[in-house]
Amino acid sequence: MKSTFSFFLCLAFISIFGQTKKPKETKSAVTTPVSTVPAADTFKSDVFSGLKLRNIGPALVSGRINQIVVNPDNHSEYYLVVASGGIWKTTNSGTTFAPIFDSYGSYSMGALTMDPSNHAVLWLGTGENNNQRSVAYGDGIYKSEDAGKTWKNMGLKNSEHIGQIVVDPQNSNVVYVAAYGPVWTRGGERGIYKTTDGGKTWNRILHVSDHTGFNEILMDPRDHNVLYAAAHQRQRKIFTYIGGGPESALYKSTDAGATWNKVSGGFPGGKDLGRIGLAISPAKPDYVYAIVEGEDGGVYRSTDRGVSWEKRGSHKTSGNYYQELFCDPLDPNRLWSADT
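So, here is what we can say about the structure in this document. (Residues numbered from 1 in each chain as written. Predicted model: local features only at pLDDT ≥ 70, side-chain atom pairs only at ≥ 80, totals over all residues. Heavy atoms only, no water.)

**Brief notes about the sheet that holds strand 7 (residues 141–144)**
Where we set the bar: Between any two strands, at least two bridges found by DSSP are needed for them to pair. Only runs of H or I of at least four residues qualify as helices and only runs of E of at least two qualify as strands under DSSP, and these elements are numbered from the N terminus. To obtain each axis, a line is fitted to C-alpha atoms, and for helices this fit is confined to the stretch in contact; angles are then taken between N-to-C directions over 0 to 180 degrees.
A sheet is described by the order of its strands in space; here four strands give the open sequence 5-6-7-8, paired in antiparallel fashion. Each having just a single partner strand, strand 5 (109–114) and strand 8 (152–155) make up the two edges of the open sheet. Looking at each pair of strands side by side, their axes are set apart by 25° on average, direction ignored. Where strand 5 meets strand 6 (residues 122–126), five bridges bridge the pair, whose relative direction is antiparallel. Opposite Met109, over in strand 6, you have Thr126 as the bridge partner.

**Focus on the pattern of salt bridges**
Inclusion rule: Salt bridges are identified by distance alone: a Lys or Arg side-chain nitrogen within 4 Å of an Asp or Glu carboxyl oxygen. Relative accessible area decides the class of each residue, using a 1.4 Å probe on protein chains only: under 20% of the type maximum gives buried, over 50% gives exposed, and in between gives partly exposed.
Summed over all chains, the structure comprises eleven salt bridges. Note that Lys271 and Asp296 form a salt bridge whose closest N and O atoms lie 3.5 Å from each other. Within this pair, whereas Lys271 is found in the loop between strand 18 (261–262) and strand 19 (276–280), its partner Asp296 is found in the loop between strand 20 (288–292) and strand 21 (298–302), the two being separated by 25 residues in sequence. Across the pair Arg312 and Glu310 runs a salt bridge whose closest N-O atoms are separated by 3.2 Å. Residue Arg312 is classed as partly exposed on the basis of its relative accessible area, which comes to 46%. We classify Glu310 as partly exposed; its relative accessible area is 44%. A single salt-bridge network, built from bridges that share partners, covers Asp220, Arg222, Asp286 and Arg305.

**Structural notes on the pairing of strand 14 (residues 227–233)**
By the criterion of burial, strand 14 is predominantly enclosed, with seven of the seven residues buried. Alternating positions in strand 14 separate into two faces, Leu227, Ala229, Ala231 and Gln233 on one and Tyr228, Ala230 and His232 on the other, with burial throughout.

**Side note on the packing of aromatic side chains**
To keep things clear, this is the line we draw: Pairing of aromatic rings covers Phe, Tyr and the six-membered ring of Trp, with a centre-to-centre limit of 6.5 Å; geometry is then stacked below 30 degrees between planes, edge-to-face above 60, and tilted otherwise.
Enumeration over the complete set of coordinates arrives at ten aromatic pairs. On the basis of an interplanar angle of 25° and a centroid distance of 5.0 Å, the ring pair of Phe101 and Tyr104 is categorised as stacked. According to the relative accessible area criterion, Phe101 is buried, its value standing at 1%. Take Tyr104: its relative accessible area is 26%, and that puts it in the partly exposed class. Relative to Trp202, the ring of Trp123 lies with its centre 6.2 Å away and its plane at 90°, an arrangement referred to as edge-to-face. Taken together, the positions of Trp123 in strand 6 and Trp202 in the loop between strand 11 (191–195) and strand 12 (203–206) put the pair 79 residues apart, joining distant regions of the chain. Each of the two residues, Trp123 as well as Trp202, counts as buried. Grouped by ring-pair contacts, the aromatic residues Phe101, Tyr104, Tyr142 and Trp151 constitute a single cluster.

Purely geometric stuff here, so don't read any function into it on its own.
Here it is in structure tokens:
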């Protein structure tokens, strides 16, 4: 490093002090014009023969993977839900992937759910379910009955962002949708929506306000009448990001969404909470976990199906992107938190 610096220092010294004076021009001097190479000779094909087109993406923005959905009957078949790049499917354990949603109405994806009773039936919620500045919106719910070969729009086009979809394992016509709603404005179709006729009609069964949508909805694996839903008050402006508020809360229903109650019993509330992520332990479904963003944020656990809660730690992530928990299928005390 020092020798390199000394070398350039010497060059600079010679450049400044070692130049000889140019002779003064006389009136009799003749100026010869500099010859130029014609442009036609400069831009020949052999000049650019070494340049080749190459793929430079996807990078950060288009490469976000929101979700991976695996066929439980065939683990070599799964789907990648890309935030700004559609749906990609593999049937050979990821050796190759094919885009299966490029000819439809959205490129931004939020959530994909496989019908537990028929794995060829897929429900797709368009519109990325994150809240950063580069987020793109979608055009509602789509359904495929042939494992993603064809899709049909089933409504909720003004939801713009879908957080999560749950299909009733006892009745494929019953589907619940956590609609996040627009990021940059109020209103739209936001709340918890339910269909009982396979998506022909939708009813909003839980609504907080025009500023608060829902990012997650879960169903107790033992009882399809028990539901948990996370409300998130958020909105982006050019000059700021409102990442939470007093309307962010956790709700529970024990009658298939007919009525809802806000959970308490040690769960944080009454303050500006942010995004709430949920998980039910497959090994012990009485165990419900929540990761909460905000002043009293952290990881909370209920061991009695959401009746009472205990704070387990202060770990939390960014509500713009993450706040997601994943439970170990065998150990109810082990879970993972997605983060950067």
